Amino acid sequence: MLKIKDDVDLKELEKFGFEAEECPNGVIRYRKTIYEDDDLAYFYLDIYDCDREFDSIWGTGHKNFIDIEFLFDLIQAGLVEKVEE
């Protein structure tokens, strides 16, 4: 599983197009819109400050994908680590 390293300030994600939003339970969600066509076709990549793990949310009628170059940019910037589940 991939996650953002513990020593990384999550505000760094904003440099890569993530937007921070406080959830009703007080958790901060950083969301990157990967694909959005309408209310039924979308794909978001979320990272929550409580666990720093990558989470994806998608609608119907689309292809589930993450831009490999985008993920590579996060890895090259030293933000991502692989951890055991």
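Refer to the structure above for everything that follows.
Summarised in this report is the structure supplied together with it. Remember, it's a predicted structure, so these values are computed and weren't measured experimentally.

## Quick look at the side chain of Asp46
By secondary structure assignment, the location of Asp46 is in strand E4 (residues 42-48). A polar contact of 2.8 Å, which involves the side chain of Asp46, links it to the side chain of Arg31.

## Description of unusual backbone geometry
Located in the positive-phi region is Arg52, a residue other than glycine, with phi close to 65°. Looking at the secondary structure, you find Arg52 in the loop between E4 and strand E5 (54-58).

## Points about the state of the cysteines
Inspection of every chain in the model, using the stated rule, returns 0 disulfides. For the unlinked cysteine Cys23, the closest cysteine sulfur is that of Cys50, found at 8.5 Å. In this structure Cys23 comes out as buried when scored by relative accessible area, which is 12%. Residue Cys50 is classed as exposed on the basis of its relative accessible area, which comes to 57%.

## Details of the nonpolar core
Residues Ile4, Leu13, Phe18, Phe70, Leu74 and Leu79 are the most contacted members of the largest nonpolar core, which totals 15 residues. Those elements giving two or more residues to this core turn out to be strand E3 (28-36), E4 and helix H1 (68-76). For Ile4, the contacting residues outside a window of four places in its chain are Leu10, Leu13, Ile47, Arg52, Phe54, Leu79 and Val80.

## Description of H1
Along H1, the positions that sit buried rather than exposed are Phe70, Leu71 and Leu74. Along the axis of H1, the buried positions cluster into a sector of 95°, meaning they face one direction only. Those residues of H1 that are exposed and angled more than 90 degrees off the buried face are Ile68, Glu69 and Gln76. Positive backbone phi, at 80°, marks Gly78, one or two positions downstream of H1.

## Looking at the side chain of Arg29
Within the secondary structure, Arg29 sits in strand E3. Residue Arg29 is classed as buried on the basis of its relative accessible area, which comes to 13%. Within the local environment of Arg29, its side chain forms a polar contact with the side chain of Glu21, the two groups lying 2.6 Å apart. In this structure Arg29 touches Glu19, Ala20, Glu21, Cys23, Asp46, Ile47 and Tyr48, once residues within four positions along its chain are discounted.

Criteria and cut-off values
Sequence order as written defines the numbering, with residues in each chain counted from 1. Residues qualify for local features only when their pLDDT is at least 70, as the model is predicted, and side-chain atom pairs are given and counted only at 80 or more; totals for whole chains, interfaces and linings, by contrast, use all residues. Calculated side-chain values reflect all of the structure's heavy atoms, with hydrogen atoms and water omitted. Secondary structure elements are defined from DSSP: runs of H or I of at least 4 residues count as helices, runs of E of at least 2 residues count as strands, and each element is numbered from the N terminus. Polar contacts here mean pairs of N or O atoms no more than 3.5 Å apart (in protein, one a potential hydrogen donor and the other a potential acceptor; neighbouring residues in sequence count only if both atoms are side-chain atoms). In this description, the term disulfide denotes a pair of cysteine sulfurs within 2.5 Å. Burial classification: accessible surface area is computed with a 1.4 Å probe over protein chains only, and a residue below 20% of its type maximum counts as buried, one above 50% as exposed, and the rest as partly exposed. Throughout, nonpolar core names a set of buried Ala, Val, Leu, Ile, Met, Phe, Trp, Tyr and Cys residues whose side chains join them through atoms within 4.5 Å. The contact criterion used throughout is that any non-hydrogen atoms of two residues lie within 4.5 Å. Along the arc lie the directions from the helix axis toward the C-beta atoms.

All we've got here are geometric facts, nothing functional implied.
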